[in-house]
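For reference, the chains in residue letters:
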Amino acid sequence: MKSKRKKRQDDFQKVKLKVGKKKPRADNATNTTFRSKGINLSEQLKRESGPTTHRQLGINDLVSQLHHYNGNVKQSALNGLRELLVKNPTLLEQHLSRLVSEVAAVFTDKDANVRMAATRLLRFLAQCVPAERAAPFFPLLSAHLSCAMTHIETGIQEDALKVLDVMLEHYPALLASRPSVLLTNFLELISHRRSSSTGGSKKPLDTKERSWALSVNPNKAVTGQQWRLTVLFRLGRFLQAVVEERPTEDRDMCVPSEGVFGSDKEGGMTPLDLNWEELTYSRTEVKVYENSGARPTPHSTFKLRPDVEPGAAVGEGLGSAEAVQNFAATLVPLLLEVWVEASATDSTWNSSEGANLIHPDAMSIMFQVLSILQQLRKLAPHRDQQDILDAWFRSEYLDNFKQHFMKNFPYGALDAPKQKKKPDLKRMKQVPAVTGPTVEPLGLNITLCQVMVALSQRQDAGPDKDVEWLLPLRTFVRDTLANGMKLSYKQLHMLLDAVWKLALKERSRAVTEDLLAAVYIHYQQRNLTLQTRSLLLSFFSKIYQQEPGHTHIARSKVLGRWLAALPVQLCQLGHRNPALSARLILSIQAAASRGNKDLLSSLQSNACRLYDPQEGAAVLLPAQSQQRMIQLLYFLPHLPHTLLVSLSRCCTAGRISAGLAASLIRIVHLRSSLSGWSMGSQGAALQDVDYVSFLFSTLTGFSSEDLAALQDAPDDSTIPPSLLSPLSLYPTLLEQFTHHWDVVEEVCHCLETLGSQSQCFDILQNAICKYLCKLAVVPDSLAAGLLRAVSRLLELSVPPSEAVLRFLAQCCLSLLALLVTLQQEAPSETTHKREAIWSACVSALCSVPRLLRTVLQSLRVGDLCEEELPQLGQMLVLILQHSPLRSHLLVNTALLQHVIQDLTRYSHGETREQWLTDLLYCYSVTMAHASTTHRGNLGLRDMY
Amino acid sequence: MSAPVMEVILSTDCSSPLVNCSVLDLLSGASLLSYRGGSTSSRGLTLLDQRHLLGAQLGRNFINVWDVQRKDQMQQKILCPGVVTCLASSPNGLYLAAGIAESLYLWEVSTGCLLAVLSRHYQDISCVQFTDDSSHFITGAKDNLALVWRLASVIQLDQGPSPDPLHVLSRHSLPITDLHCGLMGPQARVASASLDQTVKLWEVCSGELLLSILFDVGIMSVTLDPCEYFLFCGGSDGNIFQVSLCSQSLNRDQTFQSDSDGNQVFKGHRNLVSCLSVSMDGTLLLSGSHDETLRLWDIQSKQSIRCFTQKGHVTNCAIMVAPANMLAPLGSAAAAAPLPRFQRHLASSQHAEGQDSGEVCLRLGLYTQEEETTYLQKTEKLFSLMTSVTDKTVSGGGEEMRVAELEDEVRTLKKINKDLYHFSSHLLTKP
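Residues numbered from 1 in each chain as written. Chains lettered and ligands numbered in written order. Predicted model: local features only at pLDDT ≥ 70, side-chain atom pairs only at ≥ 80, totals over all residues. Heavy atoms only, no water.

- Under an unreviewed UniProt entry, chain B has the name WD repeat-containing protein 18 and belongs to Muraenolepis orangiensis.
- The record held by UniProt for chain B lists under Sequence similarities (unreviewed entry) the comment "Belongs to the WD repeat IPI3/WDR18 family." (UniProt positions renumbered as here; feature names shortened; annotations may be inferred.)

- As recorded in an unreviewed UniProt entry, chain A goes by the name Pre-rRNA-processing protein Ipi1 N-terminal domain-containing protein, listed as coming from Muraenolepis orangiensis.
- The UniProt entry for chain A carries the following comment under Sequence similarities (unreviewed entry): "Belongs to the IPI1/TEX10 family."

This is the structure we're talking about:
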């Protein structure tokens, strides 16, 4: 006790302060007089793992910070990761698996900011990583996603939908390949599973007890309706992804699907070029045929690596029709309930007079409900199952649908009360931002049409009780199309789909006519985009092809009108839009091959414009369309004289290739009665006279006007006539020459197969006599072609007349002269031309009797000037060197000798020139050779 | 007695005054015999069941029928509702198909009953071909379409107004001129020739286009050799193009180029080649042309071996195994019975037919065919069988099997004992 007191006194000893004394130094005073220096261990401070954020944090630090308990740290770590990865994309490849697993783990974080950052990071990752590289991590991602979606906290559930958005945007295929779990999650988001024990069903209408009921959570920030809307929106997108990722089977074109009108694929599969490496990883499937391949079995699509892991239950997905049906059976009542609630809340403050006007919120809910229904229909794995599914929908829910959807059918937006029937596009009310896309009443109505029409039954299958509810649909479709309002491509596509189904299912002619007429009105609008126009075109052509088996379509007047308008449109279109023209031609061809009378008469009346050699579609369009245009000729009922004139000009003008010209000539040949191809009931399309004159004018290659113009052409464009070349030749371009040459070959072939050869030659001879003999200026291609034709068509029993012979001899001489000059000028470029000219001359000289003699006779050496002599010498050398001509020369020895003698006489140069030496040598060789074989050729003399 | 197997050439032309169809020896070229009367239109000749020769009269509405062994006189004429544009009989001899304008008429040969009139074509039918097992037939027409029909579904009794074709082959853009169907029944490939200068090869069972070859000229006739190594196409300019089908290229659309591997041109005819046929061993090619000649070619060397001059455009020519009684008549006992009267209209109602002397109609009902098990199902069954055996041996099933075996053995032993007993008792009680 005492000691304690004493101690206490020690502690609180009184400090005595005195003036003049220094303050004693405290015991614990720190001496601050020293100075320090830092030691830098710079090499130890250097970071080993490369790049860092601006906070000097590496990827390992950031990832480990994700496990921190503090939300802010986590958030900043996520932001830092994003920053790091933006700067250094290479890090992503190294650490992808870690990143994905860590980021996915924070989907379920309690802090909203962390979740938002995680979503942002995921979006960034998804942008950088392609789907095939993300595939191995996807089971993990989707597991975390479902975890988040089923989380007890509503905030996490909401944010999970954002994660889902990211995945839907970037990896729809991966998401769609494992639908089973997600679908259940979706259901759980808006409803709760009713346990069977407590489930005293409130509605006795339901035959089977429903195990799911809509749930309402009063704690949510948003209203129940809006929440449902967001969920349904995601569900719709997800189902769409599933549908789109289905392997497409485009083969059966008769079944309408979404892609039918738009795609212009001509059926058929790609050739089976299997590459095992590709097959291992790709989504291509091999179709296996069974039962001698008589039909493809539904489940025989073979994949080397199945999509689902062995653990996943296949049946729970949407792989089979039953599974889809089960899922639909759960979902559809929920959807109906959602809509009923939405419409009920709507009607509380809505007066009865505008029952068809609904609030935009309700409208967007309905739109989502309908689009999910639409996707559900498409979920059936195979086409045939789709019909079954439709029938099931019909049997189960038709009454419900009728009651809930059809009651106030053409819906309008609430704030446009004046226009009940016609929904106004301009005055759309703003819908809440959460709903995603804004919904307009037109789109809603169209979607409803499509859903409901799919439920309708074939008219012949049962009693037509559908009429009552189909009528407003039909009216709506017709009005929308016929009123000419602006429709987007997608809306039009949906409308046409509805029309298609209505037309095929309702077998009444009046209804179909009505609908088609509406589509036709829409089609006739002027300012349609190309895409829309071709959509409408293919709609019409597809529906035209449905004709067999649908008699009510077959005799449709609208279709007839449409077909009849096609050739006119083709005319008007000209060369402005080749793609559209090609589509038009395809449709025309399909109808023409079926012998449609409307089309054929229209085609006939427009034929002259279409095949105009200057601005007809046949010459302006690209080669592929040209070919089809030429094939169309076959189906024309008549080929009148005027058309043949145009066709002949088409052939010769060079606007279409020689091959196409040849096929044109062949088609005309087939349609003439002289071809021998059995015409059947079709009959010959053209008169023989016209046909022969067509062939002759094509052979000539130039119209009479052209030839007449050539006669007066200025001298510099032609080679002036001389004694050696008695005709003035008009040199054609090489291109034109070869084109003409090819056409001549084809014409000759047609003339050869005409029947009696002697008569044919007679006609040709007369024609030459009448039209060509008087010409003084002749194109070289015409001269060569003529010689070719005469030598091919010659009939020995009909000797050529004197006038023709003289003309041919003139041609021949002129061509030989041209040949000699060409040889001197440019030997390499004109090879083909020279060969053609030479072969034409030689074959004519060989085969046409007395031609050689006429040629030799017309050579008057005496009148030639000095410069022309070597030219003549070269011509003679050419002739002498050609061995097949030798026997013919032999017969005309006397003439030849005379010419040679004259030549030697007139070329009285001081030195014997080279060409003369050559000529004399060739002459002697020929004569020597000929004398040995002379005896064998005595018979030839009789020919002359 | 059996006649030696011998291949002959059957040919018809359009304007021979006396002979309608002449039969030539393939090897020697000697004329063996000729059938007289009328003239046959293009694609209008067919041999029915080795007994009758049928030829559609050119430009008239009847079909000439000869008994194969009585060449000198025509047996009868079948009146048809219109001019027959093409004619074919099923290889099993039960059905006769004739294209008349846009419709195909199908008769049952034994009764003459008109089974179906198929009017799915829009223009004249130009050719019709059966597969070699008579299960399918293919029609080609001038509306650019070729249709594959399943015979069984066409002749079904209780079907709607018009049966649908199995496949519509619609890739030609001008009339189809000829078809040729390969062997192997429904697994066959069929070649179609068209004026659009292409020949296309299709698969009958799936209707898929396998190959399309573009030529310079329209193709008027087409055939395949029995092994389907080559495709022969007769052009409208008289050339015959041989296309090798064994080439490695996977290109589906090809342009014909000669002298690339196996693709060759046979030159010789001066006018369009109207018909082609290959001999059984694939070495000889027969071609008939509108230049009034028949030519026989050696395929290996591409030479014309023989040329037969005819009186007019050749309308049909075919190499076929001579029916046994064609060259060595078996006497009147074996004479073919005349064909029944062929109906010209579809029987309007069933009961009218029933009254007709109690005929019984035998046709397939719809959907009576049993579904064949697929290969996949078969393999599954096999697999389950295999695994069941192993499963049994692995699990306790082995014991049961063993018990069953032992029981079997006991049973046989008992039987032997019993036999022994009977034998001995018989022996003992015998004397």
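## A few points about the overall build of chain A
Next up, step 1: Helix and strand counts for chain A stand at 42 helices and 8 strands.
Next up, step 2: Out of the 944 residues belonging to chain A, those deemed buried represent 48%.
Next up, step 3: Long-range pairs, those at least 24 residues apart, make up 74% of the contacts in chain A between residues at least 6 apart in sequence.
Next up, step 4: With the model as given, the accessible surface of chain A reaches about 46600 Å², and the carbon-plus-sulfur share is 53%. (Helix = DSSP H or I, 4+ residues; strand = E, 2+ residues; numbered from the N terminus. Buried < 20%, exposed > 50% of the residue type's maximum accessible area, 1.4 Å probe, protein only. Contact = heavy atoms within 4.5 Å. Areas by Shrake-Rupley, 256 points an atom, 1.4 Å probe, with all protein chains shown as cover.)

## Considerations on the overall build of chain B
Next up, step 1: Each helix and strand in chain B was counted, giving 5 helices and 29 strands.
Next up, step 2: Burial statistics for chain B: of 431 residues in total, 50% are counted as buried.
Next up, step 3: A separation threshold of at least 6 residues defines the contact pool for chain B, and within that pool the share at least 24 residues apart is 48%.
Next up, step 4: For chain B, the accessible surface area stands at approximately 20900 Å², while carbon and sulfur atoms represent 54% of it.

## Quick word on the sheet that holds strand S1 (residues 7-13) of chain B
Residue and element names in this part refer to chain B.
Next up, step 1: A sheet is described by the order of its strands in space; here 4 strands give the open sequence S3-S2-S1-S29, paired in antiparallel fashion. Single-partner strands in this sheet number two, and they are strand S3 (31-36) and strand S29 (314-321). Taking each pair of neighbouring strands and ignoring which way they run, the sheet shows an average axis angle of 20°.
Next up, step 2: When strand S2 (residues 19-25) meets S3, the two strands line up antiparallel, connected through 5 bridges. Within S3, the residue paired with Leu24 across the bridge is Ser31. (Pairing = 2+ DSSP bridges. Axes fitted to C-alpha atoms, helices over the stretch in contact; angles between N-to-C directions.)

## Re the UniProt feature "repeat: WD" (unreviewed entry) in chain B
Next up, step 1: In this structure's numbering, the residues bearing the UniProt feature "repeat: WD" (unreviewed entry) are residues 118-153, 190-212 and 266-307 of chain B.
Next up, step 2: This span, residues 118-153 of chain B, is 8% helix and 50% strand, and a straight line between its end C-alpha atoms measures 12 Å.

## Quick look at the packing of aromatic side chains
All names here are of chain B.
Next up, step 1: Taken as a whole and assessed by the stated rule, the structure comprises 20 aromatic pairs over all chains.
Next up, step 2: Measuring from ring centre to ring centre gives 5.4 Å for Phe130 and Phe137, while their planes differ by 45°; the resulting arrangement is tilted.
Next up, step 3: Residue classification places Phe130 among the buried residues on the basis of a relative accessible area of 7%.
Next up, step 4: According to the relative accessible area criterion, Phe137 is buried, its value standing at 0%.
Next up, step 5: Relative to Phe256, the ring of Phe241 lies with its centre 5.1 Å away and its plane at 70°, an arrangement referred to as edge-to-face. Taken together, the residues span a long stretch of sequence, with Phe241 in strand S22 (residues 240-244) and Phe256 in the loop between strand S23 (253-255) and strand S24 (264-266) at a distance of 15 residues. (Phe/Tyr/Trp six-rings, centres within 6.5 Å; stacked < 30°, edge-to-face > 60°.)

## Quick look at the sheet that holds strand S20 (residues 219-224) of chain B
All names here are of chain B.
Next up, step 1: Overall, antiparallel pairing links the 4 strands, which are arranged S20-S21-S22-S24 in an open sheet. Each edge of the sheet is formed by a strand with only one pairing partner; in this case those strands are S20 and S24. Between one strand axis and the next, the sheet turns by 25° as a mean value, whatever way the strands run.
Next up, step 2: The pairing of S20 with strand S21 (residues 230-235) spans 5 bridges and is classified as antiparallel. Bridging across to S21, Val222 finds its partner in Cys233.

## Here's the deal with the side chain of Ser103 of chain B
Residues and elements named next belong to chain B.
Next up, step 1: Considering the arrangement of structural elements, one finds Ser103 in strand S10 (residues 103-108).
Next up, step 2: When its relative accessible area of 13% is taken as the criterion, Ser103 is described as buried.
Next up, step 3: If near-sequence neighbours (up to four positions away) are discounted, Ser103 is found in contact with Ala98, Val117, Leu118, Ser119 and Ile125.

## Examining the confidence of the model for chain A
Residue and element names in this part refer to chain A.
Next up, step 1: The share of residues in chain A with pLDDT of 70 or more is 75%, and the mean pLDDT across the chain is 74.
Next up, step 2: Of all secondary-structure elements in chain A, the lowest mean pLDDT belongs to helix H42 (residues 938-943), at 46, while helix H6 (residues 112-128) reaches the highest, 89.
Next up, step 3: Per-residue pLDDT stays below 50 along residues 296-301; that stretch engages in 15 contacts with residues further than four places along the chain or on separate chains. (pLDDT = per-residue confidence, 0-100.)

## Regarding the pairing of strand S13 (residues 136-141) of chain B
Residues and elements named next belong to chain B.
Next up, step 1: Within S13, 6 of the 6 residues are buried, leaving the element largely enclosed by the surrounding structure.
Next up, step 2: Across 5 bridges, strand S12 (residues 125-130) lies against S13 in antiparallel orientation. Residue pairing across strands places Val128 opposite Thr139, the latter belonging to S13.
Next up, step 3: Once S12 ends, the chain turns through 5 residues before running back antiparallel as S13, passing Ser134 with a positive phi of about 60°.
Next up, step 4: Alignment of S13 against strand S14 (residues 146-150), held across 5 bridges, turns out to be antiparallel. Bridge assignment links His136 to a residue of S14, and that residue is Arg150.
Next up, step 5: Turn length for the S13-S14 hairpin, with the two strands adjacent in sequence and antiparallel, is 4 residues, and the turn residue Asn144 shows positive phi of about 75°.

## Some words on the pattern of salt bridges
Residue and element names in this part refer to chain A.
Next up, step 1: Taken as a whole and assessed by the stated rule, the structure comprises 16 salt bridges over all chains.
Next up, step 2: One salt bridge in this structure joins Arg234 and Asp165, with 2.5 Å as the shortest N-O distance. Linking Arg234 in helix H12 (residues 224-245) with Asp165 in helix H9 (residues 154-170), this pair joins segments that are 69 residues apart in sequence.
Next up, step 3: Glu752 is the salt-bridge partner of Arg792, the closest N and O atoms lying 3.0 Å from each other. Taken together, the residues Arg792 in helix H34 (residues 780-793) and Glu752 in helix H32 (residues 734-752) connect sequence positions 40 residues apart.
Next up, step 4: The class of Glu752 is partly exposed, set by a relative accessible area of 26%. (Salt bridge = Lys/Arg side-chain N within 4 Å of Asp/Glu carboxyl O.)

## What to know about the packing of helix H30 (residues 688-700) of chain A against H32 of chain A
Residue and element names in this part refer to chain A.
Next up, step 1: Contact geometry of H30 with H32 gives a least axis separation of 8 Å together with a crossing angle of 155°. Classified by the angle their axes make, H30 and H32 are roughly antiparallel. You can see that H30 and H32 cross each other, and the crossing is left-handed. Seen from H30, the contacting residues are Tyr691, Leu695, Thr698, Leu699 and Thr700; seen from H32, they are His740, Val743, Val744, Val747, Cys750 and Leu751.
Next up, step 2: Here the residues of the contact of H30 with H32 are counted per class, giving 8 nonpolar, 3 polar and no charged. (Parallel < 35°, antiparallel > 145°, perpendicular 65-115°, else oblique. Left-handed = near helix turned anticlockwise from the far one by under 90°. Nonpolar A, V, L, I, M, F, W, Y, C, P; charged D, E, K, R; others polar.)

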